[in-house]
Amino acid sequence: MQKSTCSTPRRPSVNLLDTPLPRLLAAFDVELVESSISDRGFFGALVERRDGSRVLSMPVGRSEFERDTAARMLLAEGLGLAAPPVPAPLEVAVL
């Protein structure tokens, strides 16, 4: 997984693991977009644009569980939220 370093987000009162993903994305003002990257090792990328807006780019064709889990891991790492560590062999890279 890949992400960018994002600026300090506002801290809405939502639970990372229990809040439905659409509500979680809205709480942190993150837009979900489909990625054209089809590599099986790519799970998504959290990017902060120059204007401060955030985009979570996710590949198409993944199961709902895989997509939801990867999105939450990327949000946690990219926004500096408290969360369990990313399980091996996955890793989140800062580019």
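The shown structure was predicted, so the numbers you read here are calculated from the model rather than taken from an experiment.

Caption draft 1: Main features of the overall build of the protein. Check the secondary structure of the protein and you find two helices and five strands. Secondary structure of the protein in N-to-C order comes out as β-α-β-β-β-α-β. The 95 residues of the protein split such that 38% are buried. The long-range share in the protein, meaning contacts at least 24 apart out of those at least 6 apart in sequence, stands at 60%. Accessible area of the protein: about 5,700 Å², with a carbon and sulfur share of 54%.

Caption draft 2: The nonpolar core, seen in detail. Counting 18 residues, the largest nonpolar core has Phe28, Val30, Leu56 and Leu75 as the members making the most contacts within it. If you list the elements that add at least two residues to this core, you get helix 1 (21–27), strand 4 (54–59) and helix 2 (64–79). Sorting elements by how many residues they give to this core places helix 2 first, with six residues. Discounting residues that sit within four places of it in the chain, Val30 has contacts with Leu25, Leu46, Arg54, Val55, Leu56 and Leu75.

Caption draft 3: Spotlight on the packing of aromatic side chains. All told, the structure shown has zero aromatic pairs when counted by the stated rule. The lysine or arginine in question, Arg62, covers the ring of Phe43, its NZ or CZ lying 5.3 Å from the ring centre.

Caption draft 4: Structural view of the environment of Asp68. One can find Asp68 in helix 2. Take Asp68: its relative accessible area is 23%, and that puts it in the partly exposed class. Residues Asp68 and Pro22, 46 residues apart in the sequence, show an inter-C-alpha distance of 9.9 Å.

Caption draft 5: Main features of the confidence of the model for the protein. Of the residues in the protein, 84% have a pLDDT of 70 or more, and the chain-wide mean is 84. Element-level mean pLDDT values for the protein span from 48 in strand 1 (residues 2–3) up to 96 in strand 2 (residues 30–35).

Caption draft 6: Spotlight on the pairing of strand 4. Of all six residues in strand 4, six are buried, a share of seventy percent or more. Here strand 4 shows no split at all, with Arg54, Leu56 and Met58 on one side and Val55, Ser57 and Pro59 on the other all buried. Two strands pair when backbone bridges link them, and strand 2 and strand 4 are joined in this way by six bridges, in the parallel orientation. Looking at strand 4, one finds that Val33 is bridged to Ser57. Pairing analysis gives four bridges linking strand 3 (residues 45–48) to strand 4, with the strands arranged antiparallel. Pairing of Val47 across the sheet is with Val55, part of strand 4. Counting the residues in the hairpin turn of strand 3 and strand 4 gives five residues, including Gly52, whose phi is positive at 95 degrees.

The rules behind these values
- Residues numbered from 1 in each chain as written.
- Predicted model: local features only at pLDDT ≥ 70, side-chain atom pairs only at ≥ 80, totals over all residues.
- Heavy atoms only, no water.
- Helix = DSSP H or I, 4+ residues; strand = E, 2+ residues; numbered from the N terminus.
- Buried < 20%, exposed > 50% of the residue type's maximum accessible area, 1.4 Å probe, protein only.
- Contact = heavy atoms within 4.5 Å.
- Areas by Shrake-Rupley, 256 points an atom, 1.4 Å probe, with all protein chains shown as cover.
- Core = buried A, V, L, I, M, F, W, Y, C linked by side-chain atoms within 4.5 Å.
- Phe/Tyr/Trp six-rings, centres within 6.5 Å; stacked < 30°, edge-to-face > 60°.
- Lys NZ or Arg CZ within 6 Å of the ring centre and 35° of its normal.
- pLDDT = per-residue confidence, 0-100.
- Pairing = 2+ DSSP bridges.

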